[in-house]
Amino acid sequence: MKSSLEHQLKALLPRGRVLISAAQLAGYGADGLGYKNHLPDAVVIPADAQELAGFMKGAKALEVPVVMRGAGTSLSGGPVAVQGGVIVHTSALKKIREINTEGFWCEVECGVTLNDLDATLKPHGVFYPPDPSSGPVCTLGGNVASNAGGAHCFRYGVTSNYVLGVEAVMLDGSVHCFGGPAGGRGPWREDWKRFMIGSEGTLAAFTRFWLRLLPLPEKVWTFRATYPDLKTTEAAIHALVAHSSYPAAIEMLDPRGVAMVESSQMACGLPEGSFMLLVEIDGPEALVNARVPSVVELLRRAGSNDVMFSDEEALRQKLWKARKAAGGLLGQLSPAYVVQDAVIPKRALAEVLQLVYDEADAANIRAVNVFHAGDGNLHPNFLFDSRVPGELEKVELISKRLMQRVIEVGGTLSGEHGIGDDKSAYMPLVFGPDSMRLQLSVPAAFNPAHQMNPLKVFENRHFIT
Amino acid sequence: MAPPLQSSGSPPNYFSNCTHCGFCLAVCPTYKLTGDENNSPRGRLRLWSEEAAGRLPQDEWTDFYTAECVGCLACETACPATVPYGEIFERIRHEHVASHRFTPKLQLRLAAVAVAHPALFNLALLPARLLRRVGLKVHRFLFPGSPPLLKSTAAYADELMLRHRPTGPRVAFLTGCLMEAMFREINFATVRVLIENNVQVIIPEGQGCCGAFQEHTGLDGVETLRERNRRAFGPLEVDAIVSNSSGCGYALGKTLQPDKPVRDVLGFLGELGPVRRQRACDDGTRVYVDLPCHLVHGQKAASIPAKVLDATGYRWELAPKAKDCCGSGGVYNIQKPENAQQILAEKSAFLNEAEGAPVILGTSNHVCMMQWHSAGATGLVTRPYEVSHIIQLLDPGEKFSIPSTSPQP
């Protein structure tokens, strides 16, 4: 069976690569959730978009699941072959094809990393706003598939605000452009690219995108303030959200995150037991400079006697240090963690955070919160030891209780990571049977047998041969 | 109350720090080259850990991907979870060589024996020094230079110490194996620069190869070499032990630190604020500085100090992607020449268009210098350029005196 699959794949990819040995599949068993391992039957690395389209044309006849993968940094189990099959790794599709500074758009292949795009755009004085923490390595393909966000999405909005067009290949090999450099619907009656963004690989393979760009802000100020308790922190967040300075980012690190940073080599002098807020404002220099005093005043009035701020690049990076280090430091504490991605109305912030603490403490599971406070996009990280039986189950139980409460307060499952395999079990908590049926009919319309990324988003979405 | 935030009490699993976040992919030269995740740090860690756990049988592809690693350690800098990739990789490579899963090329195995015997190695490479001196282009890696043929760096340093009697900090200098045997003019320049900056230079007897060669090839013998250097440098009362090659300095650091301060000579000079060379004001020379991996990712230095680069008197700037590997990887350009050449092709392309006349590619590791020189010898760079060690750009030449402004005790 294996040799027949290898044979078929090699015929479909005469120029690209086909990986089939056990030791070639091992590297593709997981995404950013390293503790979950599902081996594919094969991995293909198409040499270019044309070969990817050729592969898609023949993929149906393979009768195995097809799973798209960019850099594999996802935190939801999205680009992992949960039902086996072939992983299509888009690492060779990394051309930035055009930067149009008159029309403020660019055309990129799906395997371009955010870092490469940023570096290429910078000399042109433009930027692409979505900035997930995995920016140094994650690809545009994965960003579009999960509708990625990031710290600055409080003001700038998420990926869907910046996708003008998507070129996608269906399982029959047909290539379609939804939208295009001019945005809108492109050659379709309806705006089908909206189906594509956030579809988590369940509809089609993406090959390239047209993305909207913005002029680089003239001036950026970064503020860091610490608060003694959740109540004052919350007050500061509410005040910031409504403030005329219109912050680009409002980020928060809780006392457990602060303790983690301060006990590491990344320590930066945050007071013990404090909640840290990180705020950024940007825009035209004169305007932004004029807003600085009012932001400082706001942060102090909300209850902080520890406000630091700067417009100098090196100092700004220092202020960001704790926030940026937090994700990686989790790995130093524990290689296995589950990170939730719930979005809640901000008025419920204190209550839901307290639930996280209570549940985690009762189960003796470490929890660290570092998240996009402005958006109400929580990222409680539950750390556990995957070698200890029962630990993962405890974390899953806490997650489920958390999700139930999130739904009760009017929140939702995922802000930016996607549902993938990790959160599919919670879907019925949010969506009723009618809604589930309707939503499932979308992937079914594009690939009735659910050959594209099965068992993702919908728990029982099996590929049926 | 929540449990304390510290690593769990159970013994650490050798590979367990890796969360599989993927930050290493973006900086890994072989991942960038192949787009194959197995050919990345997190991929290799997965292969090794799965094999160690008995879930993956020994596989020739594991051997292949292991041998593909350049060992540049850029992944260590990128890793948020501080996985000690270099240490793990060295151990695995040594295991693969010991169990014949991987055999280094014959010339590397022979060289590994030779570097363990410095006197023999110096003698054996006398013809190579001679060829470099007369300017014969014998190999793509041999950059031009005029190495002294017979006088050793130790003898030279003694001579200059007597002549100039510096009074500043005392350093012990690692002269290295290949550096001394093949590129001795760089050692001589290092001695001159140090003494001109009022540094007292001693060259301990009995020192030998730092062990990097064995570490790069996975061959036996590294501990013997380390022990020899522990005996040579360990008892010395000096302000620093300096090396003029980032790779050797990194390896010696692993041997002697934290007991002894091992420093890259340029970093050490940066703190002193070295004597500045005067150049003609219309000098069109432009220096492009490439940062060796084992300086920035191994020794974790931020860069070559700007004070040192300014002191060369030339207009300089960092080469594009200065912290990315050039492909030399110790012995990688001999073990995996095609990969090394492809990595270099991308790194060196800028030189064809680079401003300046003449153009100098400056770095601080002789193996990187060899690799950079090969870019011209193999046609990747078609315009003339020189390769130089930064210390050579600070070199006062034979006739110098210690400036009277130097700090006196």
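What you see is a predicted model; the values in this text were computed from it and never measured.

## Remarks on the sheet that holds strand 1 (residues 17-19) of chain A
Residues and elements named next belong to chain A. The mixed open sheet is built from four strands, whose spatial order is 1-2-4-3. The sheet terminates laterally at strand 1 and strand 3 (66-69), the two strands that pair on one side only. Adjacent strand axes in the sheet meet at a mean angle of 20° when their direction is disregarded. Lying over the sheet, helix 1 (residues 2-12) contacts strand 1, strand 2 (42-45) and strand 4 (86-89), oriented at roughly 10° with respect to strand 2.

## Quick look at the pairing of strand 5 (residues 96-100) of chain A
In summary, the side chains of a regular strand alternate between the two faces of the sheet. Residue and element names in this part refer to chain A. The pairing of strand 5 with strand 6 (residues 105-109) spans four bridges and is antiparallel. Bridge pairing in strand 6 links I96 to V108. Hairpin connection between strand 5 and strand 6: a loop of four residues separates the two successive antiparallel strands, and F104 in this loop has a positive phi of roughly 55°.

## Quick word on the nonpolar core
Ranked by internal contacts, the top residues of the largest apolar core, which has 254 residues, are V88, F209, L211, L277 and F382 of chain A together with V171 and I241 of chain B. For V88 of chain A, the residues in contact, after removing those within four places along its chain, are V44, P46, L52, F55, V66, V67, M68, R69 and A205 of chain A.

## Comments concerning helix 20 (residues 366-377) of chain B
Quick reminder: α-helices carry 3.6 residues per turn. Residues three or four places apart thus point the same way. Residue and element names in this part refer to chain B. A rise of 1.5 Å per residue sets the reference length of helix 20, with its twelve residues, at 16 Å; its end C-alpha atoms lie 16 Å apart and thus fit the reference within 8%. For helix 20, the tally of buried residues reaches eleven of twelve residues, placing the bulk of the element in the interior. By the burial criterion, the buried members of helix 20 are H366, V367, C368, M369, M370, Q371, W372, H373, S374, A375 and G376. Following helix 20 by one or two positions, G379 has its phi on the positive side, about 85°.

## Overview of the domain arrangement of chain A
All names here are of chain A. In terms of domain boundaries, chain A breaks down into domain 1 (96-215) and domain 2 (219-408). Spacing between the C-alpha centres of domain 1 and domain 2 amounts to 28 Å. For the side of domain 1 that touches domain 2, the per-class residue count stands at four nonpolar, three polar and one charged.

## Quick notes on helix 3 (residues 60-68) of chain B
What helix 3 of chain B keeps buried is the set T62, Y65, T66 and E68 of chain B. Angularly, the buried residues of helix 3 of chain B cover 160° about the axis, an arc narrow enough to put them on a single face. In the core, the buried residues of helix 3 of chain B are packed alongside helix 2 (22-25) of chain A together with helix 1 (29-34), helix 2 (41-52) and helix 5 (85-98) of chain B.

## A short note on the confidence of the model for chain B
Should pLDDT be low for a region, the predicted coordinates there are not to be read in detail. Residues and elements named next belong to chain B. Confidence along chain B averages 93 in pLDDT terms, with 95% of residues attaining 70 or more. In this model residues 1-12 is a low-confidence stretch, pLDDT under 50, and it forms 16 contacts with partners more than four residues away in sequence or in other chains. Here the predicted complex carries an ipTM of 0.94, next to a pTM of 0.93.

## Some words on the sheet that holds strand 12 (residues 219-227) of chain A
All names here are of chain A. Ordered by their spatial adjacency, seven strands build an open sheet running 15-12-14-13-17-18-16, and the pairing between neighbours is antiparallel. Two strands lie at the open edges of the sheet, namely strand 15 (307-310) and strand 16 (336-339), each paired on one side alone. Within the sheet, the average angular offset between the axes of one strand and its neighbour, ignoring direction, is 20°. In terms of strand pairing, strand 12 meets strand 15 through four bridges, oriented antiparallel. Directly across from R224, in strand 15, lies its bridge partner M308. Across the sheet, helix 8 (residues 230-241) is in contact with strand 12, strand 13 (249-253) and strand 14 (275-283); its angle to strand 14 comes to roughly 10°.

Cut-offs used in this document
Residues numbered from 1 in each chain as written. Chains lettered and ligands numbered in written order. Predicted model: local features only at pLDDT ≥ 70, side-chain atom pairs only at ≥ 80, totals over all residues. Pairing = 2+ DSSP bridges. Helix = DSSP H or I, 4+ residues; strand = E, 2+ residues; numbered from the N terminus. Axes fitted to C-alpha atoms, helices over the stretch in contact; angles between N-to-C directions. Contact = placed C-beta atoms within 7 Å. Core = buried A, V, L, I, M, F, W, Y, C linked by C-beta atoms within 7 Å. Buried ≥ 20, exposed ≤ 12 C-beta atoms within 10 Å, placed from the backbone. Expected span 1.5 Å × (residues − 1). Domains from an automatic or database assignment. Nonpolar A, V, L, I, M, F, W, Y, C, P; charged D, E, K, R; others polar. Arc of directions from axis to C-beta. pLDDT = per-residue confidence, 0-100.

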